[in-house]
Amino acid sequence: MTKLKPAKRRMFLAVTAGLSAALLPHVACAGPTAGNSYQLRATVPVACWVRPTGAVMAEAGRIGSVVEACNSPGGFTVSAQYRPLTGTEKARITYGNRSLNLSRSGMLELRRSNMATIRTVDYRFDEVELEQPLILALTIQPI
């Protein structure tokens, strides 16, 4: 292992300390209360992500799954964005237990949850009539 020069070592330690403070949850601790007990309060940052197993492409009979994860106590929404559909195009997605027609606008709310959760959701495309390929980009937002 190579040794760091004192100036580089101080900079490395300062950067490490700064990153640790930024990435760790902020914890506030009150002093002792009656009976020599302590009260601890912590704030956990909200973290949400959505991860499909592969490209979410609208093709008849195409299946796949998506992992949804969000720790927001108020819940979250999962939405799909895609190119707007022309007047003759249509597609239907079954996302979990909901069957939805893709809207012409290019935006569709797939799911709304009222609590924090991590789960895997299966999807399937049916009744797909498209003039051009259609790929859906999924996003998740805390409520």
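The following paragraphs examine the structure supplied in this document. Quick caveat: nothing in here was measured; it's all calculated off a predicted structure.

In this structure, Tyr82, Ile93, Tyr95, Leu102, Leu110, Phe125 and Leu136 are the most contacted members of the largest nonpolar core, which totals 25 residues. Counting only elements with at least two residues in this core, the list comes to strand 5 (63–70), strand 6 (76–81), strand 7 (90–95), strand 9 (107–113), strand 10 (117–129) and strand 11 (135–142). It is strand 10 that provides the largest number of residues to this core, a total of 4 residues. Not counting the four nearest positions on each side in its chain, Tyr82 is found in contact with Leu102, Ser103, Gly106, Met107, Leu108, Leu134, Ile135 and Leu136.

The next thing to look at is the sheet that holds strand 3 (residues 48–52). An order of 3-5-10-7-8 is seen for the 5 strands of this open sheet, with the pairing classed as antiparallel. Every other strand in the sheet has two partners, leaving strand 3 and strand 8 (98–101) as the edge strands with one partner each. Each neighbouring strand pair of the sheet contributes to a mean axis angle of 25 degrees, computed without reference to strand direction. Judged from the 5 bridges that link them, strand 7 and strand 10 form a sheet pairing that is antiparallel. Note on strand 10: the bridge partner recorded for Tyr95 is Tyr123.

Before going further, it helps to examine the environment of Arg104. In this fold, Arg104 is placed in the loop between strand 8 and strand 9. Separated by 17 residues in sequence, Arg104 and Gly87 place their C-alpha atoms 7.8 Å apart. Leaving out residues up to four positions away in the same chain, Arg104 has contacts with Pro84, Leu85, Thr86, Gly87 and Glu89. At 2.8 Å, the side chain of Arg104 and the backbone oxygen of Thr86 are in polar contact.

Before going further, it helps to spend a moment on the pairing of strand 7. By the bridge criterion, 4 bridges tie strand 7 to strand 8 in an arrangement that is antiparallel. Paired with Arg92 across the strands is Asn101, a residue of strand 8. Where strand 7 folds back on strand 8, the antiparallel hairpin that results is connected by 2 residues, among which Gly96 adopts a positive phi of roughly 65 degrees.

Cut-offs applied
Residues numbered from 1 in each chain as written. Predicted model: local features only at pLDDT ≥ 70, side-chain atom pairs only at ≥ 80, totals over all residues. Heavy atoms only, no water. Core = buried A, V, L, I, M, F, W, Y, C linked by side-chain atoms within 4.5 Å. Buried < 20%, exposed > 50% of the residue type's maximum accessible area, 1.4 Å probe, protein only. Helix = DSSP H or I, 4+ residues; strand = E, 2+ residues; numbered from the N terminus. Contact = heavy atoms within 4.5 Å. Pairing = 2+ DSSP bridges. Axes fitted to C-alpha atoms, helices over the stretch in contact; angles between N-to-C directions. Polar contact = N/O pair within 3.5 Å; in protein donor to acceptor, adjacent residues only side chain to side chain.

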